[in-house]
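What the coordinates show
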Amino acid sequence: MVQLTLARALARAAHWFALTCLMAAVVSVAILSLNSPELWVTVVVVVAMGALLVLFTRHRRIAFAVAYLVVGTLGVYVFTTTVLGVPDVFPSSNMFLVAMPKMALIMVGGAGTTALSGVLWSTAAFVLAEAAAFLAILATTVPYRPDLFTLSTYLVLVGAMVLAGIDRRASSAAQPAIHRAVQDGANRQLRDALDTRAIALLNDTTVAQLVALSVAEPGSLSPGLTASLNYTLTTLHDTNWLTDIDARATIAPQSAVTEKLHSDAWLSSAVYTAIERCRDRGLVVEVSGDRDALARLDASNDRDVGLAVQQCLVNVILHAGVASAEVAIESDLTTISVLIADAGRGFTESESASDRLGLRQSVRRRIEQLGGSVLIWSRPGAGTNVRLTVPAARRQPQSQPNPAKWPTA
């Protein structure tokens with residue numbers, strides 16, 4: 001697209017230059033014709049060249065280009081013969097006025113679709129223009145002198161077309177490398193996202209269960225811990241964590257009414273599942289706030305928010321030294337926030353061990369990959385508050401009842 005735009009810009013500039021030369025020739029000859037009426041025929045020839053050039057500019061067909069070359073060659077011959085035939089006006093043939101039609105004829109090459117075709121068209125026009133002018137000069141008494149104006153115009157136009165062709169070739173060669181670089185960048189981002197999700201999942205499942213087993217009472221496993229282990233084994237066996245399957249769709253079909261969907265949103269959310277798992281392990285969790293707001297999370301966000309909440313509650317079980325926590329859900333037009341709070345030991349995040357993956361991978365990086373944010377307020381002896389904020393579907397304003405439809409008494 002860029003190369004095509006450059007080619008059109010070059011063609012337009014060349015044609016405007018040619019039209020400027022033709023108009024200047026018409027004006028100059030019109031002034032000279034005040035004393036030499038025989039010059040009027042050159043005006044007709046130049047106007048014919050201009051009309052063909054405009055037609056070629058609008059349609060850009062080979063037939064019009066050939067016609068412009070033929071008429072232009074004849075016009076150069078007639079123009080040169082007539083102008084130099086005026087006695088005692090031009091001492092030599094290398095005058096700028098004589099070169100104007102030739103320079104306009106050379107500009108036909110600016111409309112070439114490729115650099116090679118443009119150079120060939122300009123070269124043909126240059127040879128025809130110089131040959132016609134040479135034959136016309138021989139028919140007059142004016143001595144022949146080399147025309148540097150036409151030669152310079154030809155060399156500048158050919159140089160511009162050659163440079164444009166080289167740039168076009170270099171750009172075409174660079175495009176595959178650019179595409180590969182973009183693809184490699186996308187692949188690296190995908191690998192980083194998968195690595196982050198895999199590390200977080202490892203901490204959510206294997207590490208968490210090993211820690212739970214290490215602190216469990218001797219003897220048979222409790223029903224809650226057994227269910228948690230079974231769920232972990234199922235998660236590691238499946239690959240659903242790689243997909244964005246909306247588990248809530250199996251509970252509330254798309255055809256269900258809105259009230260049914262919102263009533264199931266809380267029970268089918270990953271946050272509710274995470275809370276129930278931690279309750280099975282003996283943690284008392286109080287929930288408050290806008291629970292139905294979780295219905296505005298898509299499948300991927302719902303799953304990751306639930307796993308992040310679960311990790312926060314597991315940290316309460318393992319490190320806070322208390323048996324209770326609070327979960328508060330808030331929402332606005334574009335975001336949903338979940339606050340997990342406990343009154344336990346607290347900690348200083350900057351001084352936590354570098355091998356602790358819970359907050360870093362299972363919470364912070366997981367939420368940040370969703371485009372959200374994590375805020376942690378904690379200090380030793382003052383408990384811990386973790387606020388997870390993620391983007392959600394925009395809340396639809398509730399429709400107001402139509403007073404015209406209210407029943408009358």
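Residues numbered from 1 in each chain as written. Predicted model: local features only at pLDDT ≥ 70, side-chain atom pairs only at ≥ 80, totals over all residues. Heavy atoms only, no water.

An unreviewed UniProt entry lists the protein chain under the name ATP-binding protein, with Cryobacterium suzukii as the source organism.

Axis separation between helix H9 (residues 270-280) and helix H10 (residues 299-320) bottoms out at 7 Å; the angle between their running directions is 25 degrees. In terms of axis orientation, H9 runs roughly parallel to H10. As for how H9 packs across H10, the hand of that crossing is right-handed. Here Ala-270, Val-271, Ala-274, Ile-275, Arg-277 and Cys-278 of H9 lie close against H10, whose contacting residues are Asp-302, Arg-303, Val-305, Gly-306, Val-309, Gln-310, Leu-313, Val-314 and Ile-317. Looking at the contact of H9 with H10 residue by residue, the classes come out as 10 nonpolar, two polar and three charged. (Axes fitted to C-alpha atoms, helices over the stretch in contact; angles between N-to-C directions. Helix = DSSP H or I, 4+ residues; strand = E, 2+ residues; numbered from the N terminus. Parallel < 35°, antiparallel > 145°, perpendicular 65-115°, else oblique. Left-handed = near helix turned anticlockwise from the far one by under 90°. Contact = heavy atoms within 4.5 Å. Nonpolar A, V, L, I, M, F, W, Y, C, P; charged D, E, K, R; others polar.)

The full count for this structure, using the stated rule, is six salt bridges. Here Arg-279 ties to Glu-276 by a salt bridge, and the two come within 2.7 Å at their closest N and O atoms. Within this pair, Arg-279 and its partner Glu-276 are both found in helix H9, separated by three residues, close to a single helical turn. A single network of salt bridges, built from pairs that share partners, joins Lys-102, Glu-130 and Asp-147. (Salt bridge = Lys/Arg side-chain N within 4 Å of Asp/Glu carboxyl O.)

On to the nonpolar core, then. Formed by 43 residues in total, the largest nonpolar core has its most connected members in Tyr-68, Phe-79, Val-83, Leu-105 and Val-108. At the level of secondary structure, the elements contributing two or more residues to this core comprise helix H1 (2-32), helix H2 (40-59), helix H3 (62-84), helix H4 (96-106), helix H5 (115-138) and helix H6 (148-215). Look past the residues within four positions of Tyr-68 in its chain and what remains in contact with it is Ala-18, Met-49, Leu-52, Leu-53, Ala-104, Leu-105 and Val-108. Judged by nonpolar contacts, the second largest core, of 34 residues, contains Ile-275, Val-305, Val-316 and Ala-392. (Core = buried A, V, L, I, M, F, W, Y, C linked by side-chain atoms within 4.5 Å. Buried < 20%, exposed > 50% of the residue type's maximum accessible area, 1.4 Å probe, protein only.)

Time to look at the packing of H2 against H3. Taken N-terminus to C-terminus, the directions of H2 and H3 make an angle of 160 degrees; their axes are 9 Å apart at the nearest point. The pairing of H2 with H3 is recorded here as roughly antiparallel in orientation. As H2 packs across H3, the resulting crossing turns out to be left-handed. Contact residues: H2 offers Val-41, Thr-42, Val-45, Val-46, Ala-48, Met-49, Leu-52, Leu-53, Leu-55, Phe-56 and His-59, while H3 offers Phe-64, Ala-65, Ala-67, Tyr-68, Val-71, Gly-72, Gly-75, Val-78, Phe-79, Thr-82 and Val-83. Taken together, the residues of the contact of H2 with H3 sort by class into 17 nonpolar, five polar and no charged.

Below, the discussion takes up the packing of aromatic side chains. Using the criterion set out here, one finds four aromatic pairs in the structure. With 5.4 Å between their ring centres and 85 degrees between their planes, Phe-134 and Tyr-144 make a pair best called edge-to-face. Placement of the pair is Phe-134 in helix H5 and Tyr-144 in the loop between H5 and H6, with a sequence separation of 10 residues. (Phe/Tyr/Trp six-rings, centres within 6.5 Å; stacked < 30°, edge-to-face > 60°.)

The next thing to look at is the environment of Leu-267. Relative to the assigned elements, Leu-267 resides in helix H8 (residues 258-267). Assessed through its relative accessible area of 49%, Leu-267 is described here as partly exposed. Taking the C-alpha atoms as reference, Leu-267 lies 9.3 Å from Arg-291; in sequence the two are 24 residues apart.

Relative to the 32 Å expected for 22 residues at 1.5 Å per residue, H10 spans 30 Å between its end C-alpha atoms, a close match to the ideal helical length. For H10, the buried fraction is high: 19 of the 22 residues fall into the buried class. Its side-chain oxygen 3.4 Å from the backbone nitrogen of Ser-300, Asp-298 forms the N-cap of H10. Of the residues trailing H10, Gly-321 is marked for its positive phi of about 80 degrees. (Expected span 1.5 Å × (residues − 1). Polar contact = N/O pair within 3.5 Å; in protein donor to acceptor, adjacent residues only side chain to side chain.)

What follows is about H3. Counted at 1.5 Å a residue, the expected span for H3 with its 23 residues is 33 Å, and the 32 Å between its end C-alpha atoms agrees. Buried residues of H3: Ala-65, Tyr-68, Leu-69, Gly-72, Thr-73, Gly-75, Val-76, Phe-79, Thr-80, Thr-82, Val-83 and Leu-84, and no others.

Here we come to the confidence of the model for the protein chain. The predicted coordinates ought not to be read in detail in places where the model reports low pLDDT. Counting all residues, the mean pLDDT for the protein chain is 78, and 75% of those residues have values of 70 or more. Here H8 is the element of the protein chain with the lowest mean pLDDT, 60, and strand E3 (residues 335-342) is the one with the highest, 94. In the model, residues 244-261 has pLDDT below 50 throughout and makes 18 contacts with residues more than four positions away in sequence or in other chains. Across residues 400-409 the pLDDT falls below 50, and counting only partners more than four positions away or on other chains, this stretch makes one contact in the model. (pLDDT = per-residue confidence, 0-100.)

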